[in-house]
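# A structural walkthrough
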Amino acid sequence: MVASVPLLRRMTELEPWCRSLGEAPVLVPTMGALHGAHGSLIAAAAATGRPVLVSVFVNRLQFGAGEDFDRYPRSLDADQALAAAAGASALWAPSEADLYPLGPAGHLQLVPPEPLVRHLCGPGRPGHFRGVATVVSRLLALSGATTLVLGEKDWQQLQVVRAMLRDLGAPVRLLPCPTRREADGLPFSSRNTYLSAAERQQAAALPRALAAAAASVLAGRQDGQGLERQVRLDLEQAGLQVEYVQLVDPLQLQPLVRLRSLALLAAAVRCGTTRLIDHRPLMTRAPIVAIDGPAGAGKSTVTRAVARQLGLIHLDTGAMYRAVTWWLQRHGLPLQEGPDLEAALEGCGLRLEPRGDREQEVVIGGVTVTEAIRTAEVTAAVSTVAALPAVRRYLTGLQRRYGETGGVVAEGRDIGTAVFPDAELKVFLTASVPERVRRRQADLQQRGLPVPAADQLAAEIQERDARDAGRAVAPLCRAEDAVELVSDGLGIEAVVDRIVDLFRERVPVEAMVSAGDPSAAG
Ligand code: PAF
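Below is a short write-up of the structure. Everything quoted here is computed from the prediction, not taken from an experiment.

Rules used throughout
- Residues numbered from 1 in each chain as written.
- Predicted model: local features only at pLDDT ≥ 70, side-chain atom pairs only at ≥ 80, totals over all residues.
- Heavy atoms only, no water.
- Helix = DSSP H or I, 4+ residues; strand = E, 2+ residues; numbered from the N terminus.
- Rg over C-alpha atoms; globule rule 2.2 N^0.38 Å.
- Buried < 20%, exposed > 50% of the residue type's maximum accessible area, 1.4 Å probe, protein only.
- Contact = heavy atoms within 4.5 Å.
- Areas by Shrake-Rupley, 256 points an atom, 1.4 Å probe, with all protein chains shown as cover.
- Pairing = 2+ DSSP bridges.
- Axes fitted to C-alpha atoms, helices over the stretch in contact; angles between N-to-C directions.
- Near = heavy atom within 4 Å.
- Polar contact = N/O pair within 3.5 Å; in protein donor to acceptor, adjacent residues only side chain to side chain.
- Nonpolar A, V, L, I, M, F, W, Y, C, P; charged D, E, K, R; others polar.
- Core = buried A, V, L, I, M, F, W, Y, C linked by side-chain atoms within 4.5 Å.
- Phe/Tyr/Trp six-rings, centres within 6.5 Å; stacked < 30°, edge-to-face > 60°.
- Lys NZ or Arg CZ within 6 Å of the ring centre and 35° of its normal.
- Arc of directions from axis to C-beta.
- Salt bridge = Lys/Arg side-chain N within 4 Å of Asp/Glu carboxyl O.

Time to look at the overall build of the chain. A count of helices and strands for the chain gives 21 helices and 17 strands. Relative to the globule expectation of 24 Å for 522 residues, the C-alpha radius of gyration of the chain, 26 Å, shows essentially globular dimensions. Taking the principal axes of the C-alpha coordinates as reference, the chain spans close to 80 × 55 × 45 Å. Looking at the chain as a whole, 54% of its 522 residues are labelled buried. The contacts in the chain between residues at least 6 apart in sequence include a share of 73% that link residues at least 24 apart. About 22,600 Å² of surface is accessible on the chain, with carbon and sulfur atoms providing 53% of the total.

Written as structure tokens, this is what we have:
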């Protein structure tokens, strides 16, 4: 038998409970009528190892006139049992007077950025997302939670809440969880209980049509508008009343005419009187992350950890430049342009071989050189070799070939600009010169090597930055659409978390599940 969890109703119950924790809870906000998908949100929250507060509040503010506020299912006893079984620490079911002591209209309301609500559910549900942003901000403020778990099924809601947290500067981390589906493919929703058996069969056409569209994209179909038309037709033929079928980009939620490597196909329908929504990520390849930035910003360590966390392959472009350097040195070739270099590149047969831990062995001329390329001799020459146009051309081509099917995280100086300009996420990872000096000194000290004075190291770093930014071939520069991440004062873990969050903002976890990454399914 599963132990029960406390049911907190009044602020006078919530406050002492929160104080007794000694740490901030993870909040899973719900409107109750909990089902399997809520269970997985609660389990994901519990996996953080922190106390989990599940709120149940049917929020009048997010229902429009004529919507189902009065009819919305309410089942607190069953909710308490499900929450306990899924790993919650407490269920919080505040009254409207507790959440909005001045009445719902008496409190500050948060208006989402207009572009985020211009499409999809925005036009059909005016005021809905304002109500959602407002209630989530109240729930966070009252509970003091610093982690918020939400499902990806309501993708537009997720983006609105993200914008809210960002713009309020709220010290809250958002953990999105993939859409959970019932056996017939319909996403879990409290509103599914409104459907009669016959409607239920009809409703299953919604996930089926979207899944068929996703499959046809994987099979090579490219016309975005044709897909929208096809899905609309499928839904209408099933007798569903279509509110919208829209292809949008997952981050900005703006309509796309043409498919990109990743797009979101979303739909809302009415089945009888029940409104249902669903979406599918459409992918022509698995996602790519490009991490660029100056030397000493911690790119290699961060890239490795990001690849591991996201279940992607670490495409070690630095190792490729090192391997070519090693090869040229081994054959006693001058490190300069010319026919010798062209011939050496043509004959080197550089390749990366999967090693089973999302890292790769580096093989050149049939020799595994993963370790051998880490010598001081290679280190001293690699930046000269990397500036040679022929080497650049050769390796950019090779890297692009490795990225054709996606699923990689790569770091360097020109990954987001030259190698993978269509990467789903581009990060420009940097740190101030004094910070990089501090890190370099700590690293040398740890390795028992002589530690030069800070001034000298700062001058070297500045010189290197100027050389990298000023060189004619593939200069270091930030891609226009890259997110700049200044890592001063942040540990590796915090930087990795930030990049993983940026990725999740752009790429639904469900996309990773369909791309076959088992680590995304948990
Ligand atoms: O997704 C929901 O159930 C609601 O919109 C939420 C986030 C609990 C706010 O009322």
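The next point concerns the sheet that holds strand β3 (residues 52–56). If you walk across this open sheet you meet the 6 strands as β1-β4-β3-β2-β5-β6, and the pairing is parallel. Where the open sheet ends on each side, the last strands, each with one partner, are β1 (7–8) and β6 (173–177). Direction of pairing for strand β5 (residues 147–151) relative to β6: parallel, over a ladder of 5 bridges. Its bridge partner being in β6, L148 is matched across the sheet by L174. Across the sheet, helix α7 (residues 128–143) lies against β2 (26–30), β3, β4 (90–92) and β5, angled at about 145° from β2, the strand it touches most.

Next up on the list: the site of the ligand. For the ligand, the full set of nearby residues is P29, T30, M31, Q62, V132, V135, L150 and Q157. At 2.6 Å from an oxygen atom of the ligand is found a side-chain nitrogen or oxygen belonging to Q62. Q157 is positioned such that a nitrogen or oxygen atom in its side chain is 2.7 Å from an oxygen atom of the ligand. Protein coverage of the free-state accessible area of the ligand, which is 290 Å², stands at 89%. Of all the secondary-structure elements, those providing two or more residues to the shell around the ligand are β2 and α7. A per-class count over the shell around the ligand returns 5 nonpolar, 3 polar and no charged.

This brings us to the nonpolar core. One finds L53, W92, V136, L140, L148, V161 and L165 to be the most contacted residues of the largest nonpolar core, which totals 44 residues. Mapped by element, the contributors of at least two residues to this core are α1 (11–21), β4, α5 (114–117), α7, β5, α8 (155–168), β7 (241–248) and β8 (262–271). Apart from the residues within four sequence positions on either side, L165 is in contact with L140, L148, A170, V172 and L174.

Its place among the elements puts R280 in strand β9 (residues 274–283). Classification of R280 as buried rests on a relative accessible area of 19%.

Pairing within the open sheet is parallel, and its 5 strands lie in the order β11-β15-β10-β16-β17. One side of each edge strand has no neighbouring strand; the edge strands of this open sheet are β11 (313–315) and β17 (483–486). Strand-to-strand twist across the sheet, computed as the mean angle between neighbouring axes with direction ignored, equals 25°. Most of the contacts of helix α12 (residues 299–310) go to strand β15 (residues 408–412), to which it runs at about 175°, and overall it touches β10 (288–292), β11, β15 and β16 (425–430).

On to the packing of aromatic side chains. Inspection of every chain in the model, using the stated rule, returns 3 aromatic pairs. An angle of 65° between the planes, with centres 6.0 Å apart, marks the rings of F57 and Y100 as edge-to-face. Of this pair, F57 sits in the loop between β3 and α3 (76–86) while Y100 sits in the loop between α4 (96–99) and α5; the two residues are 43 residues apart in sequence, bridging distant segments of the chain. A network of ring pairs unites the aromatic residues F63, F69 and Y72 as a single cluster. The aromatic ring of Y194 is capped on one face by R71, whose charged end is 3.9 Å from the ring centroid. The aromatic ring of F69 is capped on one face by R74, whose charged end is 5.1 Å from the ring centroid.

Turning our eyes to something else, we now look at the pairing of β17. Only one face of β17 is covered, namely the one carrying V483 and L485; the face carrying E484 and V486 has none of its residues buried. Taken together, the 4 bridges between β16 and β17 define a ladder with parallel strand orientation. Within β17, the position partnered with L429 by the bridge is L485.

Each α-helix turn comprises 3.6 residues. Residues three or four places apart therefore point the same way. Residues of α1 that are buried include every one of M11, L14, W17 and C18, and no others. When α1 is viewed along its axis, its buried side chains cluster within an angular range of 130° and face the same direction. Facing away from the buried surface of α1 by more than 90 degrees, the exposed residues are T12, R19 and S20. Residues of α1 that are buried sit in contact with β1, β3, β4, α4 and α7.

With that out of the way, let us pick up the pattern of salt bridges. Close approach of charged atoms lets side chains of opposite charge pair. One pass over the full model with this rule turns up 35 salt bridges. Three or more residues are tied together by salt bridges with common partners; here these are R181, D278, R280 and E510.

Another aspect to go through is helix α14 (residues 339–347). Here α14 has its buried residues at L341, A344 and L345. Projected down its long axis, α14 carries its buried residues within an arc of 95°, all on one side. Turned more than 90 degrees off the buried face of α14, the exposed positions are P339, E346 and G347. Turning to α14, the residues buried within the fold contact α13 (317–330) and α16 (389–403).

Excluding glycine, a negative phi dihedral is what most residues carry, and trans is how most peptide bonds are arranged. Even without being glycine, L120 reaches a positive phi, approximately 55°. Positionally, L120 belongs in the loop between α5 and α6 (121–124). Take L120: its relative accessible area is 7%, and that puts it in the buried class.

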